[in-house]
Amino acid sequence: MGEETEAAKAAFDRIRIKINDYFTRCRLAEFDQRASEPLNPALTEYEALASKNLSTDSEQIASLPMAKIEANKPLPLGAGINPAWIFAVTEFRNKVISPLLGDKENLSNEEWQQLCNHFSAHQAWLDVKRGAAVEALEIRRIRSILASDYQEKILSLIHEDKSLAGASDAINSVEKLIRYHRDLFQLLNNFVSFRDFYTAQRKAIFQAGFLYLDGRSCDFCLRVTDINKHSIMANLSGTYLAYCECQREGGGNEKMIIVAAFTNGDADNLMVGRNGIFYDRTGRDWNATIVKIIEHPISVRQAFWYPYKRIGKMIGEQIEKMASAREKAVQDQAASGIANTTQTNDTGKTPPAPFDVGKFAGIFAAIGLAIGAIGTAIASVVTGFISLVWWQMPLAIVGLILLISGPSVLLAFLKLRKRNLAPLLDGNGWAVNTRAIINIPFGASLTQIATLPPGAQRSLTDPYAEKKSPWKSYLFILLLLGSIAYLWHTGYLHQGTVEELRNQFSSNKKEPATESEVKPEAEAAVAAPQPDVAPSDQKQATKDGSQPTTKSPELAPNTPPSAVQSIPAAKPVSR
């Protein structure tokens, strides 16, 4: 068949299975006449097709036999063919039967087997055929090449190339040496000693660019191919990491994934879904979106404030839960009350009894006891703090702060000193055989926090600020007065409290007198005689507010000056 063999083979393969099915059914009908009717389509199948929109491309029609099944019946090639196979049979007749068997209206089983044997031999040749690489050139072009002298020319060129093998090897060696001279030093500084990374003179090979997000610039960004695989190793680095999906604006489907290390600031506003801008090594900008976060301590400052923020968040969540529960309870109670009222009106029953305050006296008492316990605890803390010496108060405040923030700061400090670069590179397929530590000062330099430009000033005036309500001040004053009243009522505060505090502070400032100084003064005071003074003179002295003093000649010479007492002068008394 020459050049038409491939087309004939394709037409034969397209219809071979269906023709085999037809002749097999005919042989079964020849074997048993009763099989003719079941082997043909049943009437119910045609009834099912009657209600549908039919076409020759329908699979249900194509699944029917090629023609009507009868014993010893040849396959018609014109009339009586299944409509779904008319085009395939016509192509088979024109490309296969006519060139090989001539113009025929029917095809017998024997002729079909002859065609099958003919194409089986062709298929066996195709299975062992060689030269598929040049088959696209077609047979005419191949014969033209074989008839020319191209083979001798190619062999001559190959021989010429082999004669220059020494020069070619020398050129390759020089090129290799030049590449070593240019790239080996940089390779060692980035894969062995990490000099470029730690000196910050220029970016290391593995740094992909800059990420600007949440008012910070992250210099340590790596390109990642598989987030899940990389995050398993990256979690061992002890570094706060944010995986971002980056996409070029207007760049089609150009995407990439990076991981950025946050080593300065806090994590309050870092969450999945936040957007930023990423600049690669060539200066191109990408839209970046956080898709995954691995949480670790960022800085000591964040660890110091973290307990207070966590307590505040916990209190806020509890208040929100209580408010939500209370709102739901009120709504449920209102709905239940409306439903009960409607049901009572419908059934004619008496409404429920009104609210009785006496039944809830125990609840009110419990609430009062709880408030009293809280007030007592606050009063105990305030009283204990007030009873401290003035220099102990700041120490108590510092001790309380250390008690709350100390453990968090200590754990964060230990973790920050152990941050390691190696797991991040290992997750990308690098083979790093050493620990590349990122200490606290160096880590802070990898993330820059936004600051005002030189000469810029921050305006704190808000023209749309809400008017401040004084209710907070009133509430604070009310709570303060209530606390003072409670302390006064419980006896912690009384009239002499201020005087006691004043005496306590003054006694701490005054130096205590030694025992050797106090004893002579006491003995002199006891030994000094007290002359009799008339009552009128005493009244006069009291009235004047001052007493004349004279030195007693009878005092002992060793009496100290402090022991000398002022004695009023005696006056004659008329009897």
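A short tour of the structure in this document, coming up. (Residues numbered from 1 in each chain as written. Predicted model: local features only at pLDDT ≥ 70, side-chain atom pairs only at ≥ 80, totals over all residues. Heavy atoms only, no water.)

### With respect to the nonpolar core
Step number 1: Met 66, Leu 75 and Phe 92 are the most contacted members of the largest nonpolar core, which totals 27 residues.
Step number 2: Elements that contribute at least two residues to this core include exactly α1 (5-31), α5 (86-101) and α6 (109-127).
Step number 3: Considering each element in turn, this core owes the most residues, nine residues, to α1.
Step number 4: Excluding residues within four positions of it along the chain, Leu 75 makes contact with Ile 19, Tyr 22, Phe 23, Met 66, Ala 67, Ile 81, Glu 105, Asn 106 and Leu 107.
Step number 5: Of all hydrophobic cores here, the second largest spans 24 residues; its members include Phe 206, Phe 220, Ile 227 and Trp 430. (Core = buried A, V, L, I, M, F, W, Y, C linked by side-chain atoms within 4.5 Å. Buried < 20%, exposed > 50% of the residue type's maximum accessible area, 1.4 Å probe, protein only. Helix = DSSP H or I, 4+ residues; strand = E, 2+ residues; numbered from the N terminus. Contact = heavy atoms within 4.5 Å.)

### Digging into the packing of aromatic side chains
Step number 1: The final tally for this structure, using the stated rule, is 14 aromatic pairs.
Step number 2: For the ring pair Phe 194 and Phe 206, a centre distance of 6.2 Å and an interplane angle of 65° mean the geometry is edge-to-face. Of this pair, Phe 194 sits in the loop between α9 (165-191) and α10 (195-199) while Phe 206 sits in the loop between α10 and β3 (209-213), and the two are 12 residues apart along the sequence. Comparing Phe 194 with Phe 206, the two get one shared label, buried.
Step number 3: On the basis of an interplanar angle of 85° and a centroid distance of 6.4 Å, the ring pair of Tyr 240 and Phe 262 is categorised as edge-to-face. Taken together, the residues Tyr 240 in strand β6 (residues 240-247) and Phe 262 in strand β7 (residues 255-262) connect sequence positions 22 residues apart. In this pair, the class of Tyr 240 matches that of Phe 262, namely buried.
Step number 4: Put simply, the rings of Phe 194, Phe 197, Tyr 198, Phe 206, Phe 220, Trp 430 and Phe 442 touch in pairs and so form one group of aromatic residues.
Step number 5: Over the face of the ring belonging to Phe 210 we find Lys 203, whose NZ or CZ atom lies 3.9 Å from the ring centre. (Phe/Tyr/Trp six-rings, centres within 6.5 Å; stacked < 30°, edge-to-face > 60°. Lys NZ or Arg CZ within 6 Å of the ring centre and 35° of its normal.)

### Let's talk about unusual backbone geometry
Step number 1: Even without being glycine, Phe 194 reaches a positive phi, approximately 55°.
Step number 2: A residue is classified by how much of its surface remains accessible, and Phe 194, at 4% relative accessible area, is buried.
Step number 3: Of note in this structure, Asp 214 is not a glycine but carries a positive phi near 60°.

### Regarding the side chain of Ser 217
Step number 1: Positionally, Ser 217 belongs in strand β4 (residues 216-218).
Step number 2: Once residues lying within four places of it in the same chain are set aside, the contact partners of Ser 217 are Phe 210, Leu 211, Tyr 212, Leu 446, Thr 447 and Gln 448.

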